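Chain by chain, the residues:
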Amino acid sequence: MAPLSPLAPTLIPFLDRYLPPTTKVNSETGLNTKLPFVTLTYAQSLDSRISKAPGVQTVISHLETKTMTHYIRSKHDAILIGIGTFLADDPGLNCRFQSPMEQKVHLIRPVIIDPTFQLGAKYETSRLRKTAEEGLGLPPIVVVDSLVLNQNPQINTFCQKHRIILIDLDRNSEARFVWEDVFAELGRQTLNSVMVEGGASIIESLLSCATSNEDTHLINSLIITIGPVFLGKSGVEVSPMNELRLSEVNWWKGIRDSVVCARLNKQDHRS
Ligand SMILES: NC(=O)c1ccc[n+]([C@@H]2O[C@H](COP(=O)([O-])OP(=O)(O)OC[C@H]3O[C@@H](n4cnc5c(N)ncnc54)[C@H](O)[C@@H]3O)[C@@H](O)[C@H]2O)c1
Ligand SMILES: Nc1nc(=O)c(N)c(NC[C@H](O)[C@H](O)[C@H](O)COP(=O)(O)O)[nH]1
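Conventions we followed
Residues numbered from 1 in each chain as written. Chains lettered and ligands numbered in written order. Predicted model: local features only at pLDDT ≥ 70, side-chain atom pairs only at ≥ 80, totals over all residues. Heavy atoms only, no water. Salt bridge = Lys/Arg side-chain N within 4 Å of Asp/Glu carboxyl O. Buried < 20%, exposed > 50% of the residue type's maximum accessible area, 1.4 Å probe, protein only. Near = heavy atom within 4 Å. Polar contact = N/O pair within 3.5 Å; in protein donor to acceptor, adjacent residues only side chain to side chain. Areas by Shrake-Rupley, 256 points an atom, 1.4 Å probe, with all protein chains shown as cover. 1 Å grid on protein atoms, 1.4 Å probe; cavity = no way out; pocket = protein on both sides within 12 Å on 5 of 7 lines; lining within 4 Å. Sits in = over half its atoms within 2 Å of the grid points. Helix = DSSP H or I, 4+ residues; strand = E, 2+ residues; numbered from the N terminus. Core = buried A, V, L, I, M, F, W, Y, C linked by side-chain atoms within 4.5 Å. Contact = heavy atoms within 4.5 Å. Pairing = 2+ DSSP bridges. Right-handed = clockwise from strand over helix to strand, strands pointing away.

1. Quick word on the pattern of salt bridges
Proximity of charged atoms lets side chains of opposite charge pair with each other. Following the criterion strictly, the structure yields 11 salt bridges and no others. A salt bridge links Asp 47 to Arg 49, with the shortest nitrogen-to-oxygen separation between them at 3.8 Å. An identical accessibility class is assigned to Asp 47 and Arg 49; each is buried. Two residues, Glu 124 and Arg 129, come together in a salt bridge whose shortest N-O distance is 2.2 Å. Connected through shared salt-bridge partners, Arg 17, Glu 248 and Arg 263 make up one network.

2. Quick notes on the site of ligand 2
The local shell around ligand 2 holds 15 residues, among which Thr 58, Ile 60, Ser 61, Asp 89 and Leu 93 are the closest. With respect to ligand 2, the side chain of Thr 69 contributes an N or O atom lying 3.4 Å from a nitrogen atom. Within the contact set of ligand 2, an oxygen atom lies 3.0 Å away from a side-chain nitrogen or oxygen of Arg 127. Relative to its unbound accessible surface of 520 Å², ligand 2 loses 85% to contact with the protein. The site holding ligand 2 turns out to be the largest pocket. When contributions to the shell around ligand 2 are tallied by element, the ones reaching two or more residues are helix H2 (63–73) and helix H3 (83–89). Examining the composition of the shell around ligand 2, we find that three residues originate from one element, H2, more than from any other.

3. With respect to the nonpolar core
Membership of the largest hydrophobic core comes to 39 residues, with the highest contact counts inside it found for Leu 40, Leu 80, Trp 179, Phe 183, Leu 186 and Val 196. Per element, the largest residue contribution to this core is seven residues, and it comes from helix H7 (residues 200–212). Excluding anything up to four places from it in sequence, Leu 80 contacts Val 111, Ile 113, Trp 179, Phe 183, Leu 186, Val 194, Met 195, Val 196, Glu 197, Gly 198 and Ile 202. One finds Leu 15, Met 68, Ile 79 and Ile 83 within the second-largest nonpolar core, a separate group that totals 34 residues.

4. So, the site of ligand 1
Residues in contact with ligand 1 amount to 26 residues; listed here are only the nearest, Ala 43, Thr 85, Asp 89, Phe 177 and Ser 201. In this structure, a nitrogen atom belonging to ligand 1 sits 3.2 Å away from a side-chain N or O atom of Arg 176. The backbone of Ala 200 places a nitrogen or oxygen atom 3.2 Å from an oxygen atom of ligand 1. Protein chains bury 85% of the 860 Å² of accessible surface belonging to ligand 1 in isolation.

5. Here's the deal with the pairing of strand S6 (residues 163–167)
Direction of pairing for strand S5 (residues 141–145) relative to S6: parallel, over a ladder of five bridges. Across the sheet, residue Val 142 finds its bridge partner in S6, namely Ile 164. For the crossover from S5 across helix H5 (residues 153–161) to S6, the handedness is right-handed.

6. Let's talk about the environment of Ala 78
If you trace the backbone, Ala 78 turns up in strand S3 (residues 78–82). Separated by 140 residues in sequence, Ala 78 and Leu 218 place their C-alpha atoms 15 Å apart. When residues no more than four places from it in sequence are discounted, the contact partners of Ala 78 are Ile 108, Arg 109, Val 111, Leu 191, Ser 193, Val 194 and Met 195.

Structure representation (structure tokens):
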């Protein structure tokens, strides 16, 4: 693993208002809210693509913004990806940013959205498992369709050592989880902040849910790195179902990449 670069100091104030508060309290009721603070973050090309072909890991971020991603990881309880990203990237999903103020590196909990449990035996040889076994990260929580439990014997083996969350798919709408169910369950597992890193299907599903569900925005912050590259028509595009306008928009320009931070609506009812 290549070492990270020092964090650009201007990123700290730039990101601050888009990162989870230390304690998440609902300003109307004064009570802790049930849903975690959700940050959606990814790196895209100038033509809105996150990889050069389906299932192909593609470096878009400069080392400077990769370091930023690990800094953002250090501010969240959980990091969530879809099974497609696990299969394509074999990610470590740990936090490698070490704050000079902290003695230890932050341990972030990986969460994998995997309705049909494709993880299966692939977990055995994964970097994710190795990272957790070496004490450099935490073992994942896998979110699986409730119906799959009795159909896939590999789940029982996995369950002996790992946490699985069972959720019913929304069978009315192309067999997807309802995101509110997923985040509510993660909140119950005391994960108060979740950083969603992708991939394409997860990003599109969350952005589309934001466009169709105006009052119940689940995403508190959007942090997108834009790299100076066109990935072309065979690249994997991310785009919500409908028009989506952003508010509280701020831009940062680094050595090579730019980063845009925003919220999805003016009145975040949970902040
Ligand atoms: N540039 C970046 O920042 C970035 C970040 C992450 C991944 N990637 C790239 O993205 C690609 C992977 O994207 P992808 O779309 O194939 O995989 P993905 O990680 O989005 O996972 C897709 C799977 O997640 C599940 N899923 C997604 N939304 C769901 C929902 N609402 N309910 C239930 N299940 C749901 C389904 O099983 C689906 O097949 C890879 O090439 C990877 O390198 C890029
Ligand atoms: N910020 C960012 N810039 C990129 O250019 C790129 N390809 C990703 N991709 C995100 C995806 O989730 C990867 O799988 C993890 O970034 C790998 O995670 P590790 O470093 O192994 O923990 N993310």
